[in-house]
Each structure stands twice: as structure tokens, then as C-alpha cells.
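Chain by chain, the residues run as shown.
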Protein chains: 4
Amino acid sequence: MRLAIVGASGYAGLELLRLLSGRPDDEVVLVTSRQEAGQPLCSFFPALSSMANYDDLVLEEPRDLGGRADVFFLATGHGVAMGLASGLLASGAKVIDLSADFRLKDPAVFARWYAPHQAPELLPLAVYGLPEIHGPEIARASLVANPGCYPTSVILALAPVLGAGLADLSRPLVADSKSGVTGAGRGALISNSFCEVQDNFKTYKTVGHRHTPEMIQELSLLAGQDVRLAFTPHLLPINRGILSTIYLALKPGAGLAALRELYLDFYKDSRFVRTRPLGHDPQTADVRGTNFCDLGLFHDPESGLFKIVSVIDNLCRGAAGQAVANLNLMTGRPECLGLGLPALRP
Amino acid sequence: MRLAIVGASGYAGLELLRLLSGRPDDEVVLVTSRQEAGQPLCSFFPALSSMANYDDLVLEEPRDLGGRADVFFLATGHGVAMGLASGLLASGAKVIDLSADFRLKDPAVFARWYAPHQAPELLPLAVYGLPEIHGPEIARASLVANPGCYPTSVILALAPVLGAGLADLSRPLVADSKSGVTGAGRGALISNSFCEVQDNFKTYKTVGHRHTPEMIQELSLLAGQDVRLAFTPHLLPINRGILSTIYLALKPGAGLAALRELYLDFYKDSRFVRTRPLGHDPQTADVRGTNFCDLGLFHDPESGLFKIVSVIDNLCRGAAGQAVANLNLMTGRPECLGLGLPALRP
Amino acid sequence: MRLAIVGASGYAGLELLRLLSGRPDDEVVLVTSRQEAGQPLCSFFPALSSMANYDDLVLEEPRDLGGRADVFFLATGHGVAMGLASGLLASGAKVIDLSADFRLKDPAVFARWYAPHQAPELLPLAVYGLPEIHGPEIARASLVANPGCYPTSVILALAPVLGAGLADLSRPLVADSKSGVTGAGRGALISNSFCEVQDNFKTYKTVGHRHTPEMIQELSLLAGQDVRLAFTPHLLPINRGILSTIYLALKPGAGLAALRELYLDFYKDSRFVRTRPLGHDPQTADVRGTNFCDLGLFHDPESGLFKIVSVIDNLCRGAAGQAVANLNLMTGRPECLGLGLPALRP
Amino acid sequence: MRLAIVGASGYAGLELLRLLSGRPDDEVVLVTSRQEAGQPLCSFFPALSSMANYDDLVLEEPRDLGGRADVFFLATGHGVAMGLASGLLASGAKVIDLSADFRLKDPAVFARWYAPHQAPELLPLAVYGLPEIHGPEIARASLVANPGCYPTSVILALAPVLGAGLADLSRPLVADSKSGVTGAGRGALISNSFCEVQDNFKTYKTVGHRHTPEMIQELSLLAGQDVRLAFTPHLLPINRGILSTIYLALKPGAGLAALRELYLDFYKDSRFVRTRPLGHDPQTADVRGTNFCDLGLFHDPESGLFKIVSVIDNLCRGAAGQAVANLNLMTGRPECLGLGLPALRP
């Protein structure tokens, strides 16, 4: 299978190249970058030198892409994929978009949070690429919208309890999320510079983060009713990792042990979700570089609330790793192909 | 004024020594450490060498303390201060205890969260040392219970809104708090080792952290009614700093601009609480090494909830800095004496 | 092939388990730990859960090891392997020792730097396990002494130039080395605690580090004459990585371009040494989690000296990864089997 | 005294503002920034709010500066000060330049490393502002060239031994230096972004760093002969701190104990140089936020070389702190005024 990465000079592109370097039956044949076109891939990313065929690749302008590959990963900023997808699909290729362009089903919602959608006719075709929730549809899809990193951590944490109708939705759910800096992409910004982030911690976009409607869409779908959500992102001084701490009330009668059984059952066929033993605190380092989502479940007797703690690697599970899982499903291979590596710890 | 630090070999002791090094009218005359007794202070903490009279001090066994100083800072683990305080007070000294021993008013609550109290007769004398809330009582006190770091960040964030009766207390408040590693003290633990903390993030004591009853006590006092609280501590890979993200519903009619006015008014005479402009995200680095608490106020239209973000330096404002402010108040000096330094940034 | 890891609860053990998790023809059948015996492996290292057969393994006391496996990795502190090796070899097993016990050929030198050797009769059998230098002997060995992390970085940097007789050895070589904290192992020490290491940098064992004689032994062997070396270790606030900056004078006539050709030629069959283009600065992150050694060559016109910069991952190439390469060579498999992964970057 | 900071929006500017915030007899009356002109100072640096008169200051365009202040700190990029100094001096002001513009005495050397000098007539007036070496000249100067950060760490480490004629200068000195990221200034560069620096370590400008001629000038002056130097800078993943490890041979007969006596004597009147006890390893955290330089002296019996380890805070001692010390000397105040604070540790 010939693979292409559009937007290969960002961190999601780099992570895709890392994960795709050892696949016997696939080959990355095309890497593009508007800004870095002309550079040999391994001059730009020396870590990749002497891996796979990477020493032979040169970053190209993203032009005349149709026909160049069988599967395209679009790892660009928001707004680019909606211009490219139609042509690529017409060329017979499959498309996995890592941007937000095809995640929201309702173009009016998209317009409110981003900008008017340029290819609304594709939205019904696009499948939200969270394998544990939409696996069968992904397997049949030509266009997959790879989920955002925060939504991945929050939706996986809530899917079983919402699906079972156990949550008290009369009040808002609270998702307090903390992300590593790769979530902001590879860019030269003062706010992401070492001296501003190191030994520091803060909220950002404390209200109104664009991942909010994506979460609300999928959580409401799971719950079968409108869900209200208070979501707060924070910037952690780490490279990779998201931890979401979620607060909710359950309907009367629900207990912690039963809740854990529900989670174990819901994810019993899911290679990549690990529901931890009661009392165990998930930590981001345990999923570093992997496609895992680790979940911890807690009941707080002081407040009566339940707490769900969810950790993923935002760059792997929250972007490139999930995209590779989607590639696997879309091409009839096992979901975990090339994703079997344990965490790099410490 | 002769000052003594009992438990001077921990990080709170070190921070006290940093803050007390430049005071013209006070002198640290006694530093004790059970574990490090016999060591010259500046061999143990080379950063202090050639500061004040510190080259002349030797860490001593904590014995026969009465009469050695006018004010004692007790910076030991929980359970020690309740054995020492009575004797020190009898010697005429003032006592500022940085442990939890005198923070909880109700010995039954103390017993449930710690152990049976050994000096319950002193509890009515002890003043909870949060200057913005209990300033006048502190000024008259001989025994001050220096607040915990998490409670300092949470109580300062909620005092105005609870005091004004604006919060909807029919549901639990949520306080999602993240702390730097100095909060765990100076000890040789695998869980605090660099390789376990660096590039990592996790919850710990996800339910049942001992600072919970302290917060509930003070918040209920402020609110004039019982307050329920869901509190979750997290371990940040930074040395210093706590950020608490607090979620609450307000009673109908309360708006963000009015809320900010309320905070500005409540803290108008408080040198160390800075209510930030609307839209500004507080960050821990802006208070590093200082006694400040910075507050950010937000209203989230998606969920209808309000968010209050509070940052302090857990070691300074959350321990030694607040203890120095209490020293100032207890001895008739301006609260901010020796605490006027700006943050070390970056 | 049945594999055993003695001392599996340390970081080298964990790294071995990470690297060995995906091998189709080998299985880790035994993991031991004196301190943690009785613990299920994946309770102790949650990052390993659902990997290979690891959920079925329990950390055992290191007793009656003979016959339990075909290859033993000894990842214990110094002094243990010399007591175990003889019995394991007698059982027909192969032994890869990650400690210093079999690295020094001369028992008198060992005694001076460590302690009297308890199994000097095995020293002639032991092969110094640096594949680029001793590959063929490793392939025939039953007992391999896995090199130290600092020596790996320094010897690979100097082998070509010393082997070619180009260095001016009338003066000492200077190797200024900086290591991540995993090099100190997994232990509860104040000096390795987060608050002491984070945002800090220092030398340690500034003279007399025990890796010195190991480097002198191998460098002198390569040079065919006694080599003097000034070696200084430093502690970097990173988890993984060693960077060595080496200063040397070359004999008259040697130039930078020719030097690079020499290196490219010396390492032309070595999958894991990457001599960088002139002007390129190696960085530790480019080898994080890999078995690579990246080399940069520089000539400084101000001083006339040459500088060689060498980076490895101390835990992978400097310990477990090199041990797996040795396993591969000792069992007739390609050196790079299971070591093909690119760096985790960023 | 009215103080002005030209280039106040960089990290050196911020550090000057931190250090100058508590001086009773001086006031910062002017802060300029070409890029951020028009912004209230405390919107730009929230950490400074409610300090001194800072809430009243607005960043201004650097225009018509003459007469606005009695002392000007020039904290701009190289090339700006040489255009401003003449006018400021003519207005009767004193000038402390933190850039490289006036550090090199020989305009030909300046031209080779930077660009042709635009104000060579001022070079004879400028005093190299290292107080321990040039204190009396600084006290009489109107124009002080504040030393570079690397040179400060290296020159203080070598001054006593070079001044005493004990070093064997027949071979190059080696200075292997490692700096925190603030040394690169406050700018939006990919190479200084968190994800590129965190958990990483590298050399940069491995040959030809511009601080080299400055070191050679001052070291040669101290030695009374030309000194050759191999200098290598490295980028540490810390905010503040430089550690230089220096290798040199001494002339026959020189021993370690005598060397330490020499250093203690040389610096006996210097408040800010602390020669550590033998065997003690200096660390950057012990000088964080201070004007100190800590020195460790070692003799390596393996190689016969001596090692000198020097640590400073590159932003304080290596820039703003030294500038404040120079301000003190130039205005007849004690060198340590406003610089008495201990390190922020941890």
C-alpha cells in the first residue's frame, strides 16, 4: 500500500513517520510540506535517518497529489483538508484527516466554531474515527475524521457510563483536561517556548476551546440526549500526554464496583483501552508513545461524585497512532498492526 | 526578635531561611533537624552560604527549646507540633505551626483524618493563619496554624463568592488542583524521583486527601452553611506552584463583571491577592517564589458554570511565605515585610 | 529461546522488557527481584500490562536459576553477577551481564576501583560487549560483559581515530560527558529526587568515576598504547541520554573531511552508528529509545583541537539495547532484530 | 536616580526589572521596546504587577532618550547600543550596555566576529564590567560593557590561576560550557521551543561561538600572554544557569590545596565568588536568581589535569545582576545593593 503524508513537517507528521517505519507491506511514498519543500526528509528530521526508505524521501510541495498514493494522511492545519479531500477521493484514494475539518456533522456548528465549511457535501460520508465507538463504520469508510486529542481522552472515559444511561445529566459534566505541549503543534510561538512553559502551568482558552463541540456531539450521541459539558484545557510542561479528570454524578444505585465491571465489559474487545484496578492512578508516562488509553475510576464519598481519570498520549493515541489504527481498519488489517510497542518508560 | 526553625532541613525550612535572610530586626538563632543534627547549615544547604548569619549556624537536635527563641516556626511532619506547642507557649514564645496539627477545630474530625489529637486543649487557642480571612485574630494570636497549600489556593479563590452567598451550594463544588513536587516535602521516595515525575502527570490520593476537611471547615465557615466539595490533587512536573481550577454554579442573576467587582472589593486591602483582568489566564510562574495568589474568573456559556482559576507558590504562599506573613502580623509589623520580591521569571 | 531477567525491577530491567516484548521467537519466562519478589510484574510496571505474556509474570526471588532459561540478563548492582555467572554457565545458559563485574580484564584494576573479584577465573572468558569493536568474539561468547553507558559513548566516538593512529596521545584526551538520570538507576535517593535535579545541573564524581578504567582499557587496546584520559560526568535533568564532548589534538596533516571519511568507512557495516554530516550537531533526543550512536566531528580553528560529539540513549544503547544486540549476535540472529524502532521524538 | 531600560521586553529586561523593584533610592522611569511599544508593562509581564511603580509604566518606542534618565541599561540585540551610546553619554547619562557592542577592545576583532563597528571612538572609554577584575575602572566609568554570560563563568574560574602564572599555556585551555535557555533570549524560535529542548541536550555553535574572542581577550590580559582556548557551548533544558567545566594543566609543583588558597585569597574581598570546599560539586540551582559564582577545584590523578567547575545564573550574574552590580559601583553604592537575596532553591 502506498502511503502519503500531507503536512509531514509537523509533529503529527513526524509521529506518523515513526509509527509507519516498520511496516512490511506499506511504504510511505510521498511527504509534503509547504514550508519545507525541497528539504530531504532526514535533514529536517535527523532522528529518521537510516529508517525504512526515509533517506530517499524529499519534502515536496503539496501539488498534483491524486494518484500518488493509495491512502493519504492529511496532517495540516484546519481548513486545508476540506479543499483536498474531494479530489483525493475521486482519484480512488482513502483519506484520513487529522484536522478538524470533517469531525463535526453539522455545518452550522462548524461555522460557529471555525469558519464556513467549504465541502459540506462530504460531511455525511466522513466517519468519526474513534475505533472503539465507530469501528465497523471506519472499516467501510473512504474518509475518516481522526478525532481531536482532548475528545479522544474524554469520550473514551465516558462512553460506557453514558451508553448505559447511568449518568445524571441534569447537571453539566466537568472535564478538566491537561495536555502536553506537542498538542499545540510544531510552531515558533513565544507561548510555547521552553522558558515560558518549563516549570510553569496554566489554563488556556479557559472557555471556548474548539474541541468542545466535538465532545458534545459524540457524548450526546452516546447518551441519546443533549449533554452539557464544562471543559477546561491546561498546558502541562511535558512533551506528550493528556490527562482528563472528569466529574459526574450517577443516578441513584450505581456503585463503583459495578461501574468497573461495566467498563471492563464495554472495552472487552478493545486492545487499547485498559481499565485499571480500583485504587490505581493512571499516569501519562504509562502510555507515552503508545495508542493506549488508561482509565481509573473513583467514587468520592465527601461529595458523592464519581471521578474518571483518563490518560492518553496526545500525539500518538490523540493523533497519529489513532490514524494508523484507522488505516488498519480501513484496509482490512488488525487494528493494532504496528502499534504493539509498550510505552517508553521512563 | 530571635527566631527558631524546628525541622529546618526540609524544603519549608529552607524556604523560611531564604525569606528570613534579609530582615534587619530579626535573627534566626536556632535551626533543628532530628536527621541532620550536627551538620553545619551551609554544608547541608550550600545555597545559603554567606547569607545573614547562616554560616555560623549548625543543625541541632530539637531538645530543650523553651527560651531559645521568641518565635518558633514548626516545620515538621504531622504529629510533632502537638507535642511541642504547649511547652513553647509556656516559655512565652509565639508559635507558627506549618503542619496540620492545629488546623482542624474539631478533634473528632482530626482523629478521623489523622490520628487522635494529643493536645486538644490548644485547639481553641489556635488561629487558622490565612491573613485575608483571619487577619485580626492572627494579630492577637500566640499559636497560629499555618494553612495547607491546597486549602490556601482554594479558600482564597472562593472566599468572596461564598461570603456573598452567591454560590449555588445545592450541588458539590469541584476543585481540581495541581501541585508541584515540593508539596510532597524533601524525602527520598521513588514516587518523587526525577525519572518518575519528569515528563509525567498523574492524580494521587484521588479521593480522600487530608486537605479536604480543612477546606470544608473554612469554606463552610465562609458560606455560613455546610459545603460539599469534590477535591482532586495532581502531581505536576514542576518544583513550585499550585493551580486550582474550581467549578461552581452561581445563583440566578450573577454575572461575570459583577463577580470581578466583588473580588476586587473583597481583596482591596490585600497586598497579596491579584484578581486578574477578565480573559487573563493565571500561571504558576507568575507567582514563583512569592506570596501572591493570582485569580482568574471565567463564565462558560456552554455549561452555564463559572470557573475560578487560582495560582500560588505552594512552598512560599502555601507554607513558608504565609508563615512569614503571620510572623509579621503577630509581631506588629506590616504583613508584607520581607515578602516584597517579584516572581523569579522565567 | 527462553529469556530470564535477574534484577527486573530496575530501569535496565524495564527497558529490557520493553525491547523484548515484540519478539516472535523468544519469550521472557523469568523475572526476578530481591526487593519486589511476589509482585505481579504488571502491578509493579503498569506500562507493561497487556504486552506479550507479561500479565502472567510475577517477580520472583532470584533462587535456583540454573535451567530456568537459555539466556540470562543480569541487571543487578555490581558484585552480584560474579556470584551467579559460574552456575548459570554450567547449566548451559548464556549470560549477558549489565553490571561492571566482567568488564575489566585485569583483576587488580577491578580491585582498585570496585572490590576484590570473586570469580577472576571467568574474566578471560568474558567478552566486552561492544558489537562494533568486538562483534565476532561476541558471536562466539557465552559470557558477555555489557559495556557501561559512558564508555559506550566515548569508545564509539574515538575508535576510528585511535585505531588509525591519528591522535596525538602525548597529552590526555578530554571526555566531558553529561548523562540523564536513569543512568543512576531506580532508587530512592534525595540526590535523584525531582526537586534536586529539575532545573539544575552539576558535576558528580568529578574525579574518580568508576567508568574511567573501562574506557582506558578499551581506548588503549584500540590505540595500541596507553591512553590518558580526563573524564568528567555531569547529571542532566533529562530521563535518557548521554552526550560526550571529546577534545583531542590530531597529528599534523589530519583534516576534518578526511576524518569524516575515516569514520564513515570504519562504521560502514554498523547499522547503529550514524556519522552526521559536517556542521550537524547531534542531540540526545534524536536517539531517545534507540540503539543508535550519533557522532558529530568538528575542527576548532581557534585552538587547533578537534571535537567529537557523541550521543546515545544511556538506558537503551548504554544498557538494555546493547544487551539485546548482544543477545542477537550470541544467538545467530541479525544484530538489529527488535531494535529497528526510530527515536521517540519529541 | 532615574533609571531607563532600553529593550525591556526581553528576559534581561525582565530580570533588571525584578532586581530593581525594591530599591528605595532609584526609580525605573522609562522602559522601551520597539516591538511591544504601547503595551502597559504589567500587561506584558503580569508577574510584575503591583511591584514598585511598574503598574504605571508603559513600554515606549526608543526615541528621544537623552535626558529621560540618569543611567541607561541597554538590553537590546547586538548593533543597537553602538548607535545610541554616544548621544546618551553626551546627555550626561551613564550607560551600561548588556550587548556585545563594547566588549572587544580591538575593532578589527569585532569586525571579524560581528560586523564593522559604528562607534570605534568609544571603545577606549568602555570598561569591561567584570567587577572582580575591573572594579576600580568600573567605578570611574561612564560606559560599561557588561560581560557575556559564558565569559563571566569562564573568566572568574580562571582569573586567579592565570594571574598567578601557574597554568601551562603551551597547550589550549578547554572550556566545556552548558547554558540554560534564557541565554538565547526571548524569541519565537523552533529551536528554543519546549518540545525541542525538553528532555534533550545538544551542542550548538560547536565551533566559532561569538563569546570566544571576548574570553581570549580577557584571559590573555590576565595571563600576560596569548591564551588559546577550545570553547564549546551546549544547550541545557533548564531556564537559568551556566556550568563551565574547565580543563588545564598546571606547571610542575602546583597542588590542589595551594590552588584553593590562591582562589580564596584572590576573591577574599569579593562578596559574590564562593570558592567551595574541596570535594564539593557546584550546581546551578545553588546560584539560581543570584549574582553568585560558585567555584569547585579538582585534580584528576588519572590524567594529571586540573578541573575547575564554575556555575552562575546566566540571566542574573551573566547579565542583569552584573549590570546592577555595575550600576552600584558606578554610582558609589555598595556592589551588593539589591543583590543580597539567596538562591530560589528548589
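Residues numbered from 1 in each chain as written. Chains lettered and ligands numbered in written order. Predicted model: local features only at pLDDT ≥ 70, side-chain atom pairs only at ≥ 80, totals over all residues. Heavy atoms only, no water.

Residues and elements named next belong to chain A. The strand order across the open sheet formed by 7 strands is β8-β9-β7-β10-β13-β12-β11, and the pairing between neighbours is mixed. Every interior strand has two partners, whereas the edge strands, β8 (202-203) and β11 (273-275), have only one. Inspection of the sheet shows strand β12 (residues 293-299) paired to strand β13 (residues 306-312) by 7 bridges, in the antiparallel sense. Bridging from a neighbouring strand, Leu295 pairs with Ser310 of β13. (Pairing = 2+ DSSP bridges. Helix = DSSP H or I, 4+ residues; strand = E, 2+ residues; numbered from the N terminus.)

With that settled, the discussion passes to the interface of chain B and chain A. When the parts come together, some accessible area is lost, and that loss is often what is quoted as the size of the interface. On the chain A side, the residues contacting the 52 residues of chain B number 52 residues. Considering only the side of chain B, the residues that lose the most area to chain A are Asp199(B), Phe201(B) and Glu302(B), jointly responsible for 16% of the buried surface there. Counting every contact that joins chain B to chain A gives 6 salt bridges. A salt bridge links Arg288(B) to Asp199(A), with the nearest nitrogen and oxygen atoms 3.4 Å apart. The interface formed by chain B and chain A holds 34 residue pairs in polar contact (both at pLDDT 80 or more) in total. (Contact = heavy atoms within 4.5 Å. Buried area = accessible area lost by both parts, 1.4 Å probe. Salt bridge = Lys/Arg side-chain N within 4 Å of Asp/Glu carboxyl O. Polar contact = N/O pair within 3.5 Å; in protein donor to acceptor, adjacent residues only side chain to side chain.)

Below, the discussion takes up unusual backbone geometry. In the segment running from Arg345(B) into Pro346(B), the intervening peptide bond is cis, with an omega of -5°. Tracing the backbone shows Pro346(B) in the segment after α10 (316-330). At Lys205(B), a residue that is not glycine, the phi angle is positive and equals roughly 40°. Of the residues examined, Lys205(B) reaches a relative accessible area of 52% and is grouped as exposed. Phi at Asp64(C) takes a positive value of approximately 50°, unusual for a residue other than glycine. Residue Asp64(C) is classed as exposed on the basis of its relative accessible area, which comes to 68%. (Buried < 20%, exposed > 50% of the residue type's maximum accessible area, 1.4 Å probe, protein only.)

If you walk through the whole model with that rule in mind, you get 22 aromatic pairs over all chains. Relative to Tyr114(C), the ring of Phe110(C) has its centre 4.8 Å away and its plane inclined at 20°; by these criteria the two rings are stacked. A centroid spacing of 5.1 Å and a plane angle of 70° characterise the contact between Tyr150(C) and Phe231(C), whose relative ring orientation is edge-to-face. Note that Tyr150(C) is positioned in helix α6 (residues 149-163) and Phe231(C) in strand β9 (residues 229-235), a separation of 81 residues in sequence. Note on Tyr150(C): relative accessible area 1%, which makes it buried. One Lys or Arg, Arg274(A), reaches over the ring of Phe292(A) and ends 3.8 Å from the middle of that ring. (Phe/Tyr/Trp six-rings, centres within 6.5 Å; stacked < 30°, edge-to-face > 60°. Lys NZ or Arg CZ within 6 Å of the ring centre and 35° of its normal.)

Overlay of chain D on chain C (RMSD 0.0 Å): rotation 180°, translation along the axis 0.0 Å. Such a combination of turn and shift is consistent with a two-fold rotation axis. Of all interface residues in chain D, 100% are interface residues in chain C too; the two copies therefore contact each other through one and the same surface. (Least-squares fit on C-alpha atoms with pLDDT ≥ 70 in both.)

Rotating chain B by 180° and moving it 0.0 Å along the rotation axis overlays it on chain A with an RMSD of 0.0 Å. When the interface residues of chain B are mapped onto chain A, 100% of them are again interface residues, pointing to one common binding face.

Before going further, it helps to examine helix α10 (residues 316-330) of chain C. Residues and elements named next belong to chain C. With 15 residues, α10 ought to run about 21 Å at 1.5 Å a step, yet its terminal C-alpha atoms sit only 18 Å apart, falling short of that. If you look at α10, its biggest bend is around 40°, right at Gln322. Note on α10: the residue one or two positions beyond its end, Gly332, has a positive phi of about 75°. (Expected span 1.5 Å × (residues − 1). Bend = angle between axes of the 7 residues up to and from the residue.)

All names here are of chain A. Buried residues dominate β12, accounting for 6 of its 7 residues. Pairing between β11 and β12: 3 bridges, direction parallel. The residue bridging Thr275 from the neighbouring strand is Leu295, located in β12. Connecting β12 to the next strand, β13, in antiparallel fashion are 6 residues, including Gly304 with a positive phi near 80°.

Residue and element names in this part refer to chain D. Across 5 bridges, the pairing between strand β1 (residues 2-6) and strand β2 (residues 27-32) is parallel. Bridge assignment links Arg2 to a residue of β2, and that residue is Glu27. Note that the unit made of β1, helix α1 (residues 11-20) and β2 has a crossover that is right-handed. (Right-handed = clockwise from strand over helix to strand, strands pointing away.)

All names here are of chain A. According to the domain assignment, chain A consists of domain 1 (2-125) and domain 2 (150-314). Just the C-alpha atoms count here: the centres of domain 1 and domain 2 sit 27 Å apart. Taken residue by residue, the interface counts 14 residues in domain 1 and 13 residues in domain 2. Of all residues in domain 1, Tyr11, Arg103 and Trp113 give up the largest surface area on contact with domain 2, accounting jointly for 48% of the area buried on that side. Across the domain 1-domain 2 interface, the total number found is 2 salt bridges. As a salt-bridge pair, Glu15 and Arg240 come within 2.6 Å of each other at their nearest N and O atoms. Counting every contact that joins domain 1 to domain 2 gives 7 residue pairs in polar contact (both at pLDDT 80 or more). For the side of domain 1 that touches domain 2, the elements supplying multiple residues, two or more each, are α1 (11-20) and α4 (107-113). Broken down by element, the side of domain 1 that touches domain 2 gets its largest block of residues, 3 residues, from α1. (Domains from an automatic or database assignment.)

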